[in-house]
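Fold and geometry: a report
Single-letter residue listing:
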Amino acid sequence: MSHAESSELVATPDAAACELPKAYEPRAVEAAWYPRWCDAGLFHAADKTEKDGKGDGRKSFSIVIPPPNVTGALHMGHALNCTLQDIVVRLRRMQGYNVCWLPGTDHAGIATQNVVEKQLATEGVTRQQLGRDAFVQRVWDWKKQYGDRIVEQLQRLGASCDWSRQRFTLDDGCSRAVREVFVRLHERGLIYRGEYLINWCPRCHTALSDLEVEHEAHQGSLWHVRYPLTVPELSEDEATAHESPAPSPQPSAIIVATTRPETMLGDVAVAVHPDDERYQSLIGQRVILPLTGRTIPIIADQRVDRAFGTGAVKVTPAHDLNDVRIGNDHKLPRINIFTSEAAVNEHGGVFAGLDRFEARKKVVEGLEQLGLLEKTEPHAHNVGHCYRCKTVVEPSLSPQWFVKVQPLAAAASAAVRKGQTHFSPKSWEKTYFDWMERIEDWCISRQIWWGHRIPAWYCVKAGEAKGACPPLVARERPARCPQCGDTELRQDDDVLDTWFSSALWPFATFGWPDQTTALKTFYPTSLLITGFDILFFWVARMMMLGLHCMGEVPFHHVYFTPLVRDPLGQKMSKSKGNVIDPLAVIDRFGTDALRFTLAALSVQGRDIKLSEERIEGYKHFCNKLWNAARFLLLQLGAFEGDVAAQCGPDADPVETCDLALADRWILHQYQQTVRAVTKALEAYEFDTAAHCLYRFVWHELCDWYVEASKPRFRGGIAGRQATLKTLVDVFDGTLRLLHPFMPFISEELWQRLRVAVGGPAAWEGRRSLVVAAWPPVTKHPLYIKEAKLFDQLARIITAIRTIRSEHQIPPVQRLAVVLRTTDPTMQKVIGTHGTLLRELARLDRLEMRVSKVCEGPMAAAVVDGVEVYVPLRGLIDVDAERARLQKEIEKVEKTVQGVQATLANASFVERAPAEIVEAERERLAAAAAERQHLDAVLARLVTTQG
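Residues numbered from 1 in each chain as written. Predicted model: local features only at pLDDT ≥ 70, side-chain atom pairs only at ≥ 80, totals over all residues. Heavy atoms only, no water.

**Some points on the overall build of the protein chain**
Looking only at helices and strands, one finds 29 helices and 30 strands in the protein chain. With respect to the three principal axes, the spread of C-alpha positions in the protein chain is 125 × 75 × 55 Å. Restricting the contact set of the protein chain to residue pairs at least 6 apart, pairs at least 24 apart contribute 79%. For the protein chain, the exposed surface amounts to about 42400 Å²; the carbon and sulfur share of it is 50%. When the 112 positive and 118 negative side-chain charges of the protein chain are each reduced to one mean point, those points stand 5 Å apart. (Helix = DSSP H or I, 4+ residues; strand = E, 2+ residues; numbered from the N terminus. Contact = heavy atoms within 4.5 Å. Areas by Shrake-Rupley, 256 points an atom, 1.4 Å probe, with all protein chains shown as cover. Lys, Arg positive; Asp, Glu negative; His and termini not counted. Charge placed at Lys NZ, Arg CZ, Asp CG, Glu CD.)

So, in structure tokens, the structure goes:
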């Protein structure tokens, strides 16, 4: 019995397994199998026991799911990610590993709070009116009601997670781990609190990290504003000195260029480059700040870009990151002019109370009235938006908690350079290294209520004034302040960035900080499959904190999934109306068809262009497999007594002498497929594995071998038995290979097969494909010579079928074919296997010649040195056929010329959307290929002489 096999059986179809329905209905099959797998505990992973530390002796393979937001609904990104994870997980489970795929969800602080606040708004209530405790309870209630929707949808995709280990980033275990990491980092000086310029979302009322800001191109304006120079008061001597000679002319103002004129209300200086000759005489002077009456200095700083605008820039340290650095170096004050809602505060004078964008209009109007607006010109620049609500973010000074990440990033970079963690595609390593080298400290505090509250307390009486007691960072609430002894303490109101808790996911989920058996068994995890868009949000942070807390990388391999786009290569969005809903697709075509499509299109480093037509194509693939199973089960049902049982997995192998050429060929092709699929999957080349399986199942197994087996099933008992046993073995192995990609249909057919071949007793221990053994990869291929012979015959048959198709000869019309070759080996092969040729090519007569063929109109082809002639007299009008082909060629030629003219138009190529240009190029390539094909067909119409 194998590693995961027992005598316990999953519920299986009854003895009427041979009566497979004509049509494959995905819904009925999929709805039945998933609960059976779960109820049987087939997805459960075993921890190593404390007693021997080995568990059941199997090697562990572990993977943690990228936790989807509890607010989320299944989209194609989820479907792709889940599918690829499940393919690997099912493969490893069948290969004998102790597989743990740990599922869970993320509390998604900002997103979830927004959802519940919108729900409250419909009731006319705000979270502030509810109060913190009541609001948090309301979010928990929402989570209990709706939080499992995404989990149920993942299960519809067939995700074979160990659901007994399901975690939530706010459950007690994860919360304890978060507090532990926070305290440890603080004790090591890697977490600190300070006032810095952060990204502030006026809608969500919280700080955002740099990664949570999405920059979008915006066509704005560049305003050139005159800042009048102050007139210095001169002493009597200075006044006399200036009377003669006449002083050189001085400008009356310095012109400053800005994209945000409203923030000038908080200006504290004007900066110029020290080497800019235009302004050297003005450095140290003061200007009058328009609309405020304040005066501010003109300073010199190397960071000023002389090429931007006028070369003179306003300095607003409370509202611009670059200005903060200039302000710190020049010891300038900071004037914050905005409220938390991004309205102008009391520092804005007459503009107080205005929204920032309304204030911009009023400031510009005021400058125009004063004659201080020199000019306005168009200016394209990037504007930061909140990644959750899309509101324009506002740089703002605020006390926040930060992680000092440089030491952590250095270790995480080194681990990848040393090969402790590998990226696929490898090209992402450069992006990772570049970001790690430029990394800024991570702002981890958020001004919301849903999340992990920061484990820091303050003395209420002392407050946070200068000289007050510092915050008390602790795992649990302190009894009193160790500095002043006061017992009245207030916990910090902020919560931690959601990404802080999810960065602990690979080890917190297994019980850390306790050294649990699960942690010892499954950490480091084997693989992470995730989107490249969260390389910095999540992957890099898991690397940093995993190494810091555990001393080991959190995963040995990271596979970055492609981006799923629409058929034209555009990003899917609701606004464009091009979103493909995976649940709707599953309802139409079935889960297996969607999964196989996503795998087949997952080329490393290339985005996926997904269409429903592609998915429908793989639904047809499911039907093809289903029909092949019907054929096999009907053959099994046709045998009497215990003959079918002799085809079971434990039956004696068939004698080689009883195997027909087609039997040996399919065994060879199957063996090659096992090798290729296994190699591709272990290299995470999902598309290669899927295409290999598709080719084998559709073309080799169904199109060739099933058809080649039919004459054998009409023959003697020994041949029938040998071919049936071969077909059972190959079909059994094929279903195992398909199972990671198409778990539902493969399980359904496999269970019916095992009932039909002797019943469960003949398959003792083989209770489900989930835990069935993966087909072994043999070192030495069998039947190489026979496979080559069959391939040669197949090419001849294909040539005959092509001629039939090209000339529109009905399939029911049997043909007479003449084959001519002087090769004795091919003559022998054709003579020996003439029956196979006649059956598969649907021939009425097959003639073998070494001399020239008889006179008459024929369609001809040459295959491996064998001339193939199909006499056409009586089948078609050859002259009319030539005319038809010539007309088709002329039609295609017009298309080629038209598309060539379009692509030769430089204006079209430069101005048309890239996807339209690419579509025209593809159209040209298709037309050219069709022209070449028609030319070849016409050339094959020959008239031979006797």
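**Regarding the side chain of aspartate 732**
Among the secondary structure elements, aspartate 732 is positioned in helix α22 (residues 717-738). Owing to a relative accessible area of 12%, aspartate 732 belongs among the buried residues under this scheme. At a separation of 3.0 Å, a polar atom in the side chain of aspartate 732 contacts the side chain of arginine 736. (Buried < 20%, exposed > 50% of the residue type's maximum accessible area, 1.4 Å probe, protein only. Polar contact = N/O pair within 3.5 Å; in protein donor to acceptor, adjacent residues only side chain to side chain.)

**Quick look at the pattern of salt bridges**
Applying the stated criterion to the full structure yields 54 salt bridges. Across the salt bridge formed by glutamate 374 and arginine 226, the nearest N and O atoms sit 3.2 Å from each other. Of this pair, glutamate 374 sits in strand β13 (residues 373-386) while arginine 226 sits in strand β7 (residues 213-228); the two residues are 148 residues apart in sequence, bridging distant segments of the chain. Taking relative accessible area as the criterion, arginine 226 reaches 23% and is therefore assigned partly exposed. (Salt bridge = Lys/Arg side-chain N within 4 Å of Asp/Glu carboxyl O.)

**Section: the pairing of strand β8 (residues 253-258)**
Among the six residues that make up β8, five are buried, leaving the element largely enclosed by the rest of the structure. Two strands pair when backbone bridges link them, and β7 and β8 are joined in this way by six bridges, in the antiparallel orientation. Looking across to β8, one finds that arginine 226 is bridged to isoleucine 255. (Pairing = 2+ DSSP bridges.)

**Some remarks on the side chain of threonine 498**
With respect to the secondary-structure elements, threonine 498 resides in helix α13 (residues 498-502). Among residues more than four places away in sequence, those in contact with threonine 498 are Asp106, His107, Ala108 and Gly109.

**Considering the packing of aromatic side chains**
Evaluation of the coordinates by the stated rule reveals 40 aromatic pairs. Measuring from ring centre to ring centre gives 6.1 Å for tyrosine 34 and tryptophan 37, while their planes differ by 70°; the resulting arrangement is edge-to-face. In this pair, tyrosine 34 and tryptophan 37 are both assigned in helix α1 (residues 26-39), three residues apart and thus about one turn of the helix distant. Comparing tyrosine 34 with tryptophan 37, the two get one shared label, buried. When the ring of phenylalanine 596 is compared with that of phenylalanine 741, the centres are 5.6 Å apart and the planes differ by 55°; the resulting orientation is tilted. Of the two residues, phenylalanine 596 is situated in helix α18 (residues 591-600) and phenylalanine 741 in the loop between α22 and α23 (743-756); the sequence distance between them amounts to 145 residues. With respect to burial, phenylalanine 596 and phenylalanine 741 carry one shared label: buried. Through pairs of rings, three or more aromatic residues link up here, namely Phe423, Trp428, Tyr432, Phe433, Phe532 and Phe560. Here arginine 90 stacks its cationic end above the ring of tryptophan 37, 4.8 Å away from the centre of that ring. (Phe/Tyr/Trp six-rings, centres within 6.5 Å; stacked < 30°, edge-to-face > 60°. Lys NZ or Arg CZ within 6 Å of the ring centre and 35° of its normal.)

**Comments concerning the environment of isoleucine 448**
With respect to the helices, strands and loops of the structure, isoleucine 448 is situated in the loop between β17 (445-446) and β18 (456-459). Isoleucine 448 sits in the buried class, given a relative accessible area of 3%. In this structure the C-alpha to C-alpha distance between isoleucine 448 and glycine 109, which are 339 residues apart in sequence, comes to 7.7 Å.

**Thoughts on the sheet that holds strand β20 (residues 489-491)**
Within the open sheet, the three strands sit side by side as β19-β18-β20. Their pairing is antiparallel. Only two strands of the sheet have a single partner each, and these edge strands are β19 (472-473) and β20. Bridge count between β18 and β19: two bridges; the pairing is antiparallel. Counterpart to tryptophan 457 in the pairing with β19 is leucine 472.

**Details of helix α6 (residues 149-156)**
Listed in full, the buried residues belonging to α6 are Ile150, Val151, Gln153 and Leu154. In a view along the axis of α6, the buried residues occupy a sector of 160°, so they form one face of it. Elements that come into contact with the buried residues of α6 comprise α2 (76-94), β3 (104-105) and α17 (582-589). Phi turns positive one or two residues past the end of α6, at glycine 158, with a value near 90°. (Arc of directions from axis to C-beta.)

**Description of the sheet that holds strand β12 (residues 312-315)**
The four strands lie next to each other as β10-β11-β9-β12, forming an open sheet whose pairing is mixed. The open sheet has two edge strands with one neighbour each: β10 (286-288) and β12. Here the strands of the sheet are splayed against their neighbours by 30° on average, with no regard to which way each runs. Pairing of strand β9 (residues 269-272) with strand β11 (residues 295-300) involves three bridges; the strand directions are parallel. Note that in β11 the partner of valine 270 across the bridge is isoleucine 298. (Axes fitted to C-alpha atoms, helices over the stretch in contact; angles between N-to-C directions.)

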